[in-house]
Amino acid sequence: MEAVNKSAQAVTPSLRPAAVAFDAVAPGFDERFGAWRSVAAQRGAVRTALLRAFPARGRILELGGGTGEDAAFLAEHGFDILLTDPSPAMVTLAKAKLAPFGSKAAIATGEELDDFAANHLSAGGALFDGAFSNFAPLNCVVDLKPVAHGLARMLKPGAPAMLVLFGTFCPAEMVTEMLRGKPQEALRRFKRGKVLARLAKREFHVVYHRRAELVRAFAPWFVLEKSLGIGVTVPPSAAEPWISQQPRLLDTMEKLDRVLSRPLAKLGDHILYQFRRTAAPLVNY
């Protein structure tokens, strides 16, 4: 862990604000969030959807993969993974997890994904059979058009792009924050444009992207096929550690989520948007 910290400190000045914040928490990230059952419940729902959508043993690209928890899971299931993340410390941790499976991790930001795609292809990199992003790293990207164009360059026609972003109307979070005595946080997802966020005493901005905005940003290279609510009744991590101490209640919430994820997708703590790469040609945007 000490080596990760030194590496992160060496490059921190050139990082984007969100990457600086996540770089700071990388060493203890898995230990903190890995113990939370609400996180595990939401992660499990996403993984089930990924396994259904991706072709067996396919080449998969992950955006904002953090320490590599989901990438390692897919690698264990026979997928060839390339994880990307803007945090050098996160990428270092992910590389260690992925190395035994022959999968890789690289530093890349969403804002510069188009350039990353160009470099990947010019170096002889193959097209991917699918892509995904979990737990809302794309909410740290203000303009999603470079993400869409970069993905379009790297995905095969017909390939799925499974993108998990924050929901914009989450009753579970509203109730949780009110019970925590933080009413100002209960309505934060209604805000438009850049919203100030803090992590490890570092400030950065997030954007709560609306469904219509996503569809416009990813057109014409992608079409939205369906949306799934992730955490419709399973509460957000703000409910921790209390909710982890209620295993029966959380188990019931997970079962309800499996029923409600399609009809009540817009109420999720997160929403999984399943896009499909079209045959639209790549042009400047």
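These numbers come from a predicted model, not from an experiment.

Conventions used here
- Residues numbered from 1 in each chain as written.
- Predicted model: local features only at pLDDT ≥ 70, side-chain atom pairs only at ≥ 80, totals over all residues.
- Heavy atoms only, no water.
- Helix = DSSP H or I, 4+ residues; strand = E, 2+ residues; numbered from the N terminus.
- Rg over C-alpha atoms; globule rule 2.2 N^0.38 Å.
- Buried < 20%, exposed > 50% of the residue type's maximum accessible area, 1.4 Å probe, protein only.
- Contact = heavy atoms within 4.5 Å.
- Areas by Shrake-Rupley, 256 points an atom, 1.4 Å probe, with all protein chains shown as cover.
- Lys, Arg positive; Asp, Glu negative; His and termini not counted.
- Charge placed at Lys NZ, Arg CZ, Asp CG, Glu CD.
- Pairing = 2+ DSSP bridges.
- Axes fitted to C-alpha atoms, helices over the stretch in contact; angles between N-to-C directions.
- Patch = residues over 30% accessible without salt bridge, like charges linked within 9 Å, V, L, I, M, F, W, Y side chains within 5 Å.
- Salt bridge = Lys/Arg side-chain N within 4 Å of Asp/Glu carboxyl O.
- Arc of directions from axis to C-beta.
- 1 Å grid on protein atoms, 1.4 Å probe; cavity = no way out; pocket = protein on both sides within 12 Å on 5 of 7 lines; lining within 4 Å.
- Points joined across faces, edges and corners; volume = space filled by probe spheres on them.
- Nonpolar A, V, L, I, M, F, W, Y, C, P; charged D, E, K, R; others polar.
- Core = buried A, V, L, I, M, F, W, Y, C linked by side-chain atoms within 4.5 Å.

### Quick look at the overall build of the protein
At step 1: Tallying secondary structure elements over the protein gives eleven helices and nine strands in all.
At step 2: Rg of the C-alpha trace for the protein: 18 Å, near the compact-globule value of 19 Å for 285 residues, within the 12% margin.
At step 3: Across its three principal directions, the C-alpha atoms of the protein cover 55 × 45 × 35 Å.
At step 4: For the protein, buried positions account for 51% of its 285 residues.
At step 5: For the protein, the share of sequence-separated contacts (at least 6 apart) that also reach a separation of at least 24 residues comes to 73%.
At step 6: When the accessible area of the protein is evaluated, it comes to approximately 13,400 Å², of which 56% is carbon and sulfur surface.
At step 7: In the protein, the 36 positive side-chain charges and the 27 negative ones have mean positions that sit 4 Å from each other.

### What about the sheet that holds strand β5 (residues 160–166)?
At step 1: Pairing is mixed in the open sheet, where seven strands are placed in the order β3-β2-β1-β4-β5-β9-β8. Two strands in the sheet have a free side with no partner beyond their single neighbour: β3 (104–107) and β8 (222–230). Each adjacent strand pair in this sheet contributes to an overall mean axis angle of 20°, direction not counted.
At step 2: Inspection of the sheet shows strand β4 (residues 130–133) paired to β5 by three bridges, in the parallel sense. Paired with Ser 133 across the two strands is Leu 163, which belongs to β5.
At step 3: Sitting on the sheet, helix α6 (residues 113–122) is in contact with β1 (59–63), β2 (80–85) and β3, with an inclination near 140° to β2.
At step 4: Together, β1, β4, β5, β8 and β9 (270–277) form the strand contacts of helix α7 (residues 145–154), whose direction differs from that of β1 by roughly 165°.

### Here's the deal with a nonpolar patch on the surface
At step 1: There is a patch of nonpolar side chains on the surface, built from Phe 169, Leu 187 and Phe 190 and spanning about 280 Å² of accessible area.
At step 2: Secondary-structure assignment places Phe 190 in the loop between α9 (183–186) and β6 (194–199).

### A few points about α6
At step 1: Turning to α6, its buried residues are Leu 113, Asp 114, Phe 116, Ala 117 and His 120. The buried side chains of α6 occupy one side of the element, clustering within an arc of 160° when seen end-on. Seen from the buried face of α6, the exposed residues on the opposite side, beyond 90 degrees, are Asp 115, Asn 119 and Ser 122.
At step 2: Those residues of α6 that are buried are in contact with β1, β2, β3 and α7.
At step 3: A positive backbone phi angle near 85° is found at Gly 124, which sits one or two residues after α6.

### Quick look at helix α8 (residues 171–179)
At step 1: All of the buried residues along α8 are Ala 172, Glu 173, Thr 176 and Glu 177. Down the axis of α8, the buried side of the element spans an arc of 120°, and every buried residue falls inside it. α8 presents Met 178 and Leu 179 as exposed residues on the side facing more than 90 degrees away from its buried surface.
At step 2: Taken together, the buried residues of α8 touch α9.
At step 3: Backbone geometry just downstream of α8 places Gly 181 in the positive-phi region, at approximately 75°.

### Things to note about the layout of surface pockets
Any empty space left between atoms is shown by rolling a water-sized probe over those atoms.
At step 1: Quantified by volume, the second largest pocket comes out at close to 410 Å³.
At step 2: Surrounding the second largest pocket, 20 residues form its lining, Ala 45, Thr 48, Arg 52, Arg 258 and Ser 261 being those nearest its centre.
At step 3: Here the lining of the second largest pocket gets eight residues from one element, more than from any other, and that element is helix α3 (residues 37–53).
At step 4: Class assignment of the residues belonging to the lining of the second largest pocket gives a composition of eight nonpolar, seven polar and five charged.

### Looking at the environment of Val 207
At step 1: Assignment of secondary structure puts Val 207 in strand β7 (residues 202–207).
At step 2: The class for Val 207 is buried, based on a relative accessible area of 8%.
At step 3: If near-sequence neighbours (up to four positions away) are discounted, Val 207 is found in contact with Asn 139, Val 142, Gly 193 and Lys 194.

### A word on the nonpolar core
At step 1: Residues Leu 61, Leu 144, Val 147, Leu 151, Phe 218, Phe 222 and Phe 275 are the most contacted members of the largest nonpolar core, which totals 32 residues.
At step 2: Every element with two or more residues in this core is listed here: β1, α6, α7, β5, α10 (211–218), β8 and β9.
At step 3: Residues Ala 71, Leu 74, Ala 75 and Ala 94 belong to the second largest nonpolar core, which totals 24 residues.

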